[in-house]
Every structure is written in C-alpha cells, then in structure tokens.
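The chain contents come next:
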Amino acid sequence: MSGQSFRLDKGGAIDRSVTLDFTFDGQIFQGHPGDTLASALVANGQRLLGRSFKYHRPRGLYSVGPEEPNAMVELRQGDRREPNTRATQVELYHGLVAQSQNRWPSLKYDIGSVNQIASKFIPAGFYYKTFMWPATWWEKYEFFICRAAGLGTASGQPDPDEYQKMHAHCDILIVGAGPAGLSAARVAGSSGARVILVDEREAPGGWLRFDRSFIEGDPGRDWVRRVMLELSGMDNVRILNRTTAFGYYDHNMVAAVERVQDHVAVPADYVPRQRLWAIRAKRAILATGAIEQPMAFGDNDRPGVMLAGAARAYVNGYGALPGRKAAIFTSNDSGYRTALDLLDVDAGVVTLVDTRPEGAAGPWAQAVKDRGVSVRSGSAVVRAKGAHEVTAVDVMPFAGGRLETIACDMVAVSGGWAPAVHLHSQSGGKLDWDQDAGCFVPGASPQACTSVGACAGRFGLQDCLNQGAEEAARLAQDIMGNPVAYGVPAVQGPDDTARQMIWEIPLGPDKGGKRFVDIQDDVTVEDIQLAHREGYVSVEHLKRYTTLGMGTDQGKTSNMAGLAIMAGLRNLSIPEVGTTKFRPPYTPVAIGALAGQEVGQHYRPLRRTPMDEWHVAQGAKWQDAGLWRRAQYYPQGNETIDDASHREVTATRSGVGLCDVTTLGKIDVQGPDAGEFLNRLYTNGFAKLPVGKARYGLILREDGLAWDDGTTSRLGENHYLMTTTTAHAGPVMTKMEFYLQTVWPDLRVHITSVTEQWAGFSIAGPKARHVLEKLIDIDLGNESFPFMAAADCRFDGCPARLFRISFSGELAYEVNVSADFGLEAWGKTMAAGAEFGIVPYGVESLGTMRIEKGHVAGSEINGQTTADDLGLGKMLSSKKAFIGKAMVNKPGFTDEDRQKLVGLVPVDGKTWIKAGAQLVDDASAPPPMPMLGHVTAIAFSPEMDMPIALALMSGGLKHEGRELDAAFPLKDSSVRVRIVSPHFIDPEGKRMHV
Amino acid sequence: MFVIRCPYCGDRDMVEFTYGGDASKKHPDNIEEPDQAVWQAHVYERDNPRGWHLEWWQHTSGCRSWVKVARNTLTHEIAGTAAADEPLALPVSEDAS
C-alpha cells in the first residue's frame, strides 16, 4: 500500500499543505500535521497493527482515544524507545518511527498465532491450571511463558530526557475540554475564580472535534475556537493541553501528566518531555466524557471492526476513511450518526444492522433510510469474516430466519456509551446505576468534586452545555461569594432515541467465531461463562481469573460488558453484581514522569564532609554511610583493601593516624535541665558529669533493647555536646524532640543539630600528642588534659573543641573545628604530623581497630540485643530512671542463653572467618542443627597477625575456649573457631591513658 | 496525599511531615514509673481503628514541631490538628461496623 489512498480531499483538522514522513514496521508512510499515528495509518489503509496478547490474532485499530485496546506500538528507537504506546494518542511528527508488538518474526506471519488453533485448549485460568505441576518444572515454564506473554519491550537504557514536577493550587479545576468542560470553564473563568482546565487530547473540543454538531448555528468546532479564545484572554484561567488527569487523590488533589514534548522527535533544549502536575483544587468539575462500548459477536476482533464513534471521528476529525464499504451494527443512534457521516463523504454503507426490534424511530434513522441504506432492525451481526481483515459479515434476525452474508470492508459497532467515571470513583465516589441510560453514573463523592456532561450520564449536547455552566456557576458563587451571570448557547440538531442494552450476540448457526469481550486480554464470552461455571462469580474474582480488564487499557471497553454478562449468568441485575474499583492511573504514566528530576544524585543527594576533596586527591576508596560517603581506605600503589588497612592500622598503632569522623551525629543540648534530660535519655548518669569531661553513653529503646551510643561532653554548666552514631543522627534528634515537646515539656532544654556545623577528625596513636602540641594552645599533658577530658581551645588560632576520647584504643583525641575550617585544619594536621609519620586512615581501619578492642557498632547494636548482650550491662544505672529501664528485666531479656558478644579466632590461626557465618557445633552433621549464633564483624589484626571476629553467641563468654564451626553454607565453607574475649588488644585499656 | 495544618506554619503538604505513631496513648508521665505492666501497655498495645484516630506527626521538613492530628483512617479526612500541649478531641465515628 502506498500513498494516502484513504485520505479524503477535504475535511478534518489537518494541514494538507505539509507532508510528514513516518515509519511503521520499517515501511515509510505519509501523513499531515494534525494527524495522530492512528489517523495517519487509517489514511494509508494500514489495517493490521498488532497481534493479540494470548492468541496472537491479527488486530487493527479499534478506537480513537485512550480506550484503545489493540493499536499499541513501540514508539521511537534507541534510548527513547517506549513500548505499549497507544497509536490513537500519538501525535504525528516528521520522522516518527513505530513498530508493531507481540509478533515474531513479522506482523503478517506470526509464529505465535498457532495459539489460535490451540485456543480451545487455552481457556480462562489455563496457566493457573496447567503450570501448577510438577512444581520443580516451574522455572522451565516461566521462561517460555515470559517469552510468549507481554507486549512491547523497554529500551533498557537510561532515559535521555528530562521530566518535571509542578504543584498548583486553584479554586476550580475542570477536567476535560469537551462541550461540558468548556461551558463550565467559560462561566468559572468569568467569575474571576482561579481556574485550571486540563484536556488530554492534542486539541480541545472533545467530541465536538469528531461529531458534526451545530452550536448557535455554527459547527461545534467554531464554538470551541471562540471559547478557547475567550479563555486564553483570562488571566485567572490556566489551560493545560495534552494533559491527562490520571489520578484523584486525598484532599482534592488531582494528579495529571502533561505531554509537553511527546509530539516531537526530540524535546527542545531545556524543555521537559513530560511534566507531572499535582493540582490541589478547592472544587473539581469532572467533564471527562464517555467511552463507546462494543458488542461481542463472532470474530469481533478482526481488523476493520471498530467503534462507530471512532469511525466518524477519523472521517470528521482527520479526513481519514476507515473503509469504503461499511457495515454498521448498533444498538443506539451512534451507528446512524456514523452512517450519515460516511455517506456524506461518499463512503459506501452496505447495511445498517440495528439490534432494536423496531429500529430507530427518530430523525437520525429517517435520514439514513432516506439515503437508501438498507436498515435491518431486530437483527445482529453474528460473525465477521476474513482472515487478516474483515471482508464480510454474517447478519441474522434475532427472531431466527435466513443468515445473510454481506460483503464489506469495515464494521462500525456501537453498544452505547459508558460514562468515564474513573476520576469520580477514584475520589471515593459511589456509582449509581441508571437503568434508562444503561450505565453507571456518578453518585455522591466524599470529596469536593462534581461530574457534568456525558461522564454524568447526560449525553445530549444541550444537556452538556447546560450542566457544565450551571455547576460552574454554583461552585464559583460558593467560592467568590457573588452570583455569576451566564448564558448557555443553543444547540441545533435532533435528540437521540433510547438505546437497547445488549452486550453479547448469540453465535450464528455455524457456532463459529470467538466473541471477544476484552479484546486486549483476549477474554471471550465463553471465558466468562467458564468462570461462572467454576464459581468465580464475583466481579473481583472474574477479573483475576479471566484477566478481564487487566490490560493496559484497564478494561475501558470491556468491564461493562463483562459484568453485564456475569449478571445475566447469575440472574442478577447489573448493580447487584457491581463493579470493580477504579484505581489510578486512568491511562499508563511513564515512570520518568513520576520520578521527575529526582533521579541519580537528585534522588539520593551525596553528603560530603568538609575534608572530602582531600580524600579525593588522595585517591580514597569510598564507603557509603547513609547519604554520606566516607573514605574507606587510602590505597598506595597497587594495594588491596586488606593491604591498605594493614598498613594504616599498623602505622596508627605504632605512630599516629588521622581519621575523618565528621559524619557522627552532633547535637547541642543547652538549658538548666540539660543534665536531667540526658540522665533520662542515657542508661548511665550525665547530670553529675563535671564540666570539661566526656563520657561514653548508651541509649535504649523504650522496649529495653539497645539503640544508640556515643560520647557526650559537658562544655558548660548548662551546655552539653552529644554525639550519636552516623546512622542514628536523625532518628535520635527526632526522638529527643518528641520527648521534649510531648512527654516532658516542663524540661527547660533546647536542642540543635550541629552535625554539619562542625568538622571532626580523630587523631590516634602513641605520637598523637606530639602532633597536636604543635597546633593546640592548651596543655595536653596527661595530668592537665587526661583521658575523657573535653575543652574549648584554639587550633592554629581558630576556635576549636578538643576531646580526649578513643575508639581505636590508642592515645587519641578528637578535634572539632568549624566546618569551613575543616579542610584547612586537616591539612595542617597532616603537615604537622609528617615528621611523626602520620597516615590518614579510613573506616576500614577504624573498623579493624574497634573489632580489636571489642567495641560494638551497628552490626552488634542491631535492634535485637540488650545492653547486657553487648557486655554493657554495667552501664545500666541503678541510681536513676532512664528510658527503657522498666523493660530491661523482662524474662526474655534476662535469659542467660541469649546471644551475647564474644570474640572469635580461627583455630588454625590463619583462615579468615566469614562475616554472617552461622556458629554451629559441627557443620558437617546432617541438618537440622542448633544455630548457636552468628559472626557480626571480621578483620585481620596486624598486631595479632591473624584474622579475628566478633560474634553474637548463645550464652556468650560462658563458653570461652569452646571450639565451634563458623559455617557459611552459601559458599559451602566452614572455619573451625575458638571463643575468646572480644577485647583482643590491650584489654586493660592502658594505652588510652598514657 | 493530604494536607496537614501545622499549628505554627499553616497548611502544608503531607510530604513535609513524618508519621510518629498513636497519640492517644499517653507516655507515662513519670520516668520513674516502676510498674512494668504500665510500660508494656505503652510500648506494645495499640488499637488499629477503622475511623478516627489521634496521631502524632512531626513537621520534619518545616518547624520540626510534633503535631497532634485527628485523622480518619478510612477516608483520610483530617478533623483537626493541635499543638502537642493542646487537647484535641476526636469526632465520633459514625460507622462503628
């Protein structure tokens, strides 16, 4: 097929003076600005657009909007490839590239289509029933099922485009710029209220773009143009085109996605592809229209069968002709409108089949008959014929009689319209059944939203205009306080006559053909009958068992028919069967839009210490600690992490080392009751801590388990500086605020996080004092500044704080200086230490040294250990109350076989123990066996010249000297270990006190 | 996505707040309270109501105040908010089912 052979010479809102080239499945086609990909394919006579999900049946275009179940394509190429894009919502641009989906090797010759022949053996629930056994085969099944199922494939590459998020507030949000929405927007805008109008299509007007209606004597499209001009002149009205309101959330928040640059190949510089809107509206007017519903007849999925409204939309809106010999099959007046519009462009209408026994009585029907079309009342299309596309229909009266086969090249089908109540339902709104209209309409909503026009079941154009204006005037008066004067234009044209409610058509005498209810998920009338026979009768079960309505279209053209058929089978009314709940999103939303700019480091910002650039310059390797990055080790030459750590630890323990500890949480605690507050917080006492002293403290949770530890110093009578672990800096602060604000508001205490205001570094090793003496202005002698002293001082003339505290077990100091001075102070310390062989050490060495000392950290304070488990039982004060105190002696916490802190060494003195290994008596014994504990931390101790570990072991040091296996089944390894004291080095702590 | 009125800052989006648990359970006033049963109840016993619930929310990305919020767990309606030291009564749940 070449050339736009189905393009009309005139009509439609397209610009024929410009030709756009595009590619579908490698073939080049032409279209015009104003086209969608769907309308351009129609104009080019391309019928076959995809293969179906389960049976791989040939499929063509079915609709003209977001409800499209079939025409889904992979759009664009490379890193911009986007699967499952509805061709009906893709605006054509020059160079557009699209691929059909779910076919191999090609669309026309698809191997998976053998599933059609086998379809009798693939009923509803087939996968559930068949692939259950034998269970060990599941992995084999999974491979083939995953390959056979699914639609398009994602690019698998990072998205090169930008996405934005916007928050907006308004008085009145109007969703939908069809007749009801525009009528509402005019009135709301004129009241002065702040209005946002969103519309999902490429141009406003709703069905006024597609139907040939007349308002105030002019074509509806002219009225749309006038209203849009009016609205664009109002400063209080914001218009968002190409914007789908996809979710209605709490407190009247509507989420919408604006496709800013989806209609071009590559977004312009500095312009996002899409923009996500969070719109908080005082009131919302939903004018989302209605979705035409099909009827299920034999092989109703053949390319060439489409919704009647869509057929006239392609003619009227895009000047594209979906067929030249149309059969029309309808239960309402929509079929007649389509017939007239087709006749007006000289397309042939071979027959109009009306399910209603009397046919249509109104003026629509008369006009069709006057044009010489044969109208078959009380009849049905029982089957569409043709292999890759429809070539004829079988027609039969319901009362029985002769089957006629009528040649045609398209079938326009209409089973009536279903209001798009999705947003109303998402708002928490109830749905009422309107028996006359044969559809669910919005009932009461707990939120401030109201539905108008077709989505409220008011299908007549005059009705839409009236109701939109009335509701807008009412809401605007509520908000603005003044009555709003308005007029509503008059509509010319006849009203519709009543539809017949009919969803499934009996099969013809040959019982041939599949009657699809859900075309996207390949769910047939027979599948619903089977579900009913097998007891899956609630709509929720029906949905999950058959997959009805579970496709990307979320059953926009199938849910109604499915539940109506189930209602028939159960002999219940439709409202008695009920609907499944509508959930966001209304149409699929790209993850990129939801992420917005919160990707990469904007999602997870990097916290860097003031000394970060020094670490970078030294080639430090990093370790993440929450959002912080900390230097893990500083390799020299080809050193491995173990080599580097060995060198850093040895140099520190024999000389002096410097470590960046800025990331520790620092909380400034001030006030007359600061000591009392800390006394309640910590298990040990702080109220009597002398000024100028630091103390190690332990905090429990309220349930009595250990939570956090750190040193806290008293800087003044009413002034403490508290430190927390890096990980708990935020949570400890939050908990302290909770106590001060809600539990003990009488305590006169103020707390402030100062973590980022102070740079911190630890200088450790026997030569630490020599280095600092060159920089600090106070006497560092062991008597004047002993272990656990704290003081304000000057570091190279700048204000600083000095603490004589040690995590490494060596003579050590921690220096705090203003964050701005951190980098310089660090550099000066390295320079001053050069003559003593100072080395920087990272958190790997920090960890090694704390393991050598048996100090606990996060892997031991793990939310399951008590103070006693950690060997810190002596820190629980008996003289005062503290958080968690009443709980520490619960029976489960005092069991002496609880897992407690121990040290481990390999029996052979050389094999590394694996972190996370399980402690068992004999790993070679057949399982199950008692799990006695696990390894929490491992290191190689240079000083002991062997690997060591910390572990939590049932009964703890009661078992000192016992030999066990540290088993690591994941790697099928096991090491014989001996339980020792966790204080491997300098157990008396002499080095810290020199 | 609801809106919470901070008594100090005004209406703010919920993303600025962090949920902090049941505010109807009073923390024992006395840190010296010796009865383990009192602490046991405070630490572990929580209702899971369908309907109105008194909650703590902290305005973490704002003034860092702890705020009392009367929220309906079924509808996400918020009947009112109050500062930590102010009383806040819950509406009576209509639906007791």
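These numbers were taken from a predicted model, which means no experiment stands behind them.

Draft legend 1. Molecular detail of the overall build of chain A. Along chain A, the regular secondary structure elements total 24 helices and 50 strands. Over its C-alpha atoms, taken along the principal directions, chain A stretches across nearly 115 × 75 × 55 Å. Burial statistics for chain A: of 994 residues in total, 58% are counted as buried. The long-range fraction of contacts in chain A, counting pairs at least 24 apart against all pairs at least 6 apart in sequence, stands at 67%. Carbon and sulfur atoms provide 53% of the accessible area of chain A, an area that totals close to 39800 Å². Taking the 103 positively charged and 115 negatively charged side chains of chain A as two groups, their mean positions are separated by 2 Å.

Draft legend 2. A look at the packing of helix 5 (residues 179-190) of chain A against helix 6 (residues 220-232) of chain A. All names here are of chain A. Between helix 5 and helix 6, whose axes approach to 10 Å, the crossing angle comes to 35°. By crossing handedness, the relation of helix 5 to helix 6 is classed as left-handed. Between helix 5, through Pro 179, Leu 182, Ser 183, Ala 185 and Arg 186, and helix 6, the contact on the second element is made entirely by Trp 223, Val 224, Val 227, Met 228, Glu 230 and Leu 231. For the contact of helix 5 with helix 6, the per-class residue count stands at eight nonpolar, one polar and two charged.

Draft legend 3. Here's a closer look at the interface of chain B and chain A. Residue-level contacts link 26 residues of chain B with 23 residues of chain A. Of the roughly 2300 Å² buried between chain B and chain A, counting both surfaces, carbon and sulfur atoms make up 57%. Contact with chain A buries area across many residues of chain B, yet Met1(B), Ile31(B) and Trp66(B) alone supply 28% of it, more than any other trio. Where chain B packs against chain A, one counts two salt bridges. Between Glu737(A) and Arg64(B) there is a salt bridge, with the nearest N and O atoms lying 2.7 Å from each other. On the surface where chain B and chain A come into contact, there are 15 residue pairs in polar contact (both at pLDDT 80 or more).

Draft legend 4. Spatial organisation of unusual backbone geometry. All names here are of chain A. Residue Pro 584 is joined to Pro 585 through a cis peptide bond whose omega torsion reads 0°. Note that Pro 585 resides in the loop between helix 15 (574-577) and helix 16 (591-595). A cis amide bond links Pro 927 with the next residue in sequence, Pro 928, at an omega value of -5°. For Pro 928, the position within the fold is in the loop between strand 46 (918-920) and strand 47 (933-941).

Draft legend 5. Main features of the sheet that holds strand 6 (residues 78-83) of chain B. Residues and elements named next belong to chain B. On the basis of which strands lie adjacent, the open sheet formed by four strands has the order 3-4-5-6 and antiparallel pairing. In this open sheet, the two edge strands, each paired with only one partner strand, are strand 3 (18-22) and strand 6. Between one strand axis and the next, the sheet turns through 30° on average, direction left out of account. Where strand 5 (residues 66-72) lies against strand 6, five bridges are found, and the strand directions are antiparallel.

Draft legend 6. Structural detail: the side chain of Asp250(A). The topology assignment puts Asp250(A) in the loop between strand 13 (243-249) and strand 14 (253-258). Filtering out sequence-adjacent residues up to four positions away, Asp250(A) remains in contact with Arg280(A), Gln447(A), Met1(B), Phe2(B), Thr75(B) and His76(B).

Draft legend 7. Quick peek at the sheet that holds strand 17 (residues 305-307) of chain A. Residues and elements named next belong to chain A. Spatially, five strands are ordered 17-24-18-19-20 in an open sheet, and the strand pairing comes out parallel. At either margin of the open sheet sits one strand with a lone partner, and together these are strand 17 and strand 20 (375-377). Averaged over neighbouring strand pairs, the angle between their axes works out to 20° when direction is ignored. By the bridge criterion, five bridges tie strand 18 (residues 325-330) to strand 24 (residues 410-414) in an arrangement that is parallel. Following the sheet pairing, Thr 330 is matched in strand 24 by Ser 414.

Conventions we followed
- Residues numbered from 1 in each chain as written.
- Chains lettered and ligands numbered in written order.
- Predicted model: local features only at pLDDT ≥ 70, side-chain atom pairs only at ≥ 80, totals over all residues.
- Heavy atoms only, no water.
- Helix = DSSP H or I, 4+ residues; strand = E, 2+ residues; numbered from the N terminus.
- Buried < 20%, exposed > 50% of the residue type's maximum accessible area, 1.4 Å probe, protein only.
- Contact = heavy atoms within 4.5 Å.
- Areas by Shrake-Rupley, 256 points an atom, 1.4 Å probe, with all protein chains shown as cover.
- Lys, Arg positive; Asp, Glu negative; His and termini not counted.
- Charge placed at Lys NZ, Arg CZ, Asp CG, Glu CD.
- Axes fitted to C-alpha atoms, helices over the stretch in contact; angles between N-to-C directions.
- Left-handed = near helix turned anticlockwise from the far one by under 90°.
- Nonpolar A, V, L, I, M, F, W, Y, C, P; charged D, E, K, R; others polar.
- Buried area = accessible area lost by both parts, 1.4 Å probe.
- Salt bridge = Lys/Arg side-chain N within 4 Å of Asp/Glu carboxyl O.
- Polar contact = N/O pair within 3.5 Å; in protein donor to acceptor, adjacent residues only side chain to side chain.
- Pairing = 2+ DSSP bridges.

Just distances and angles here, no functional claims.
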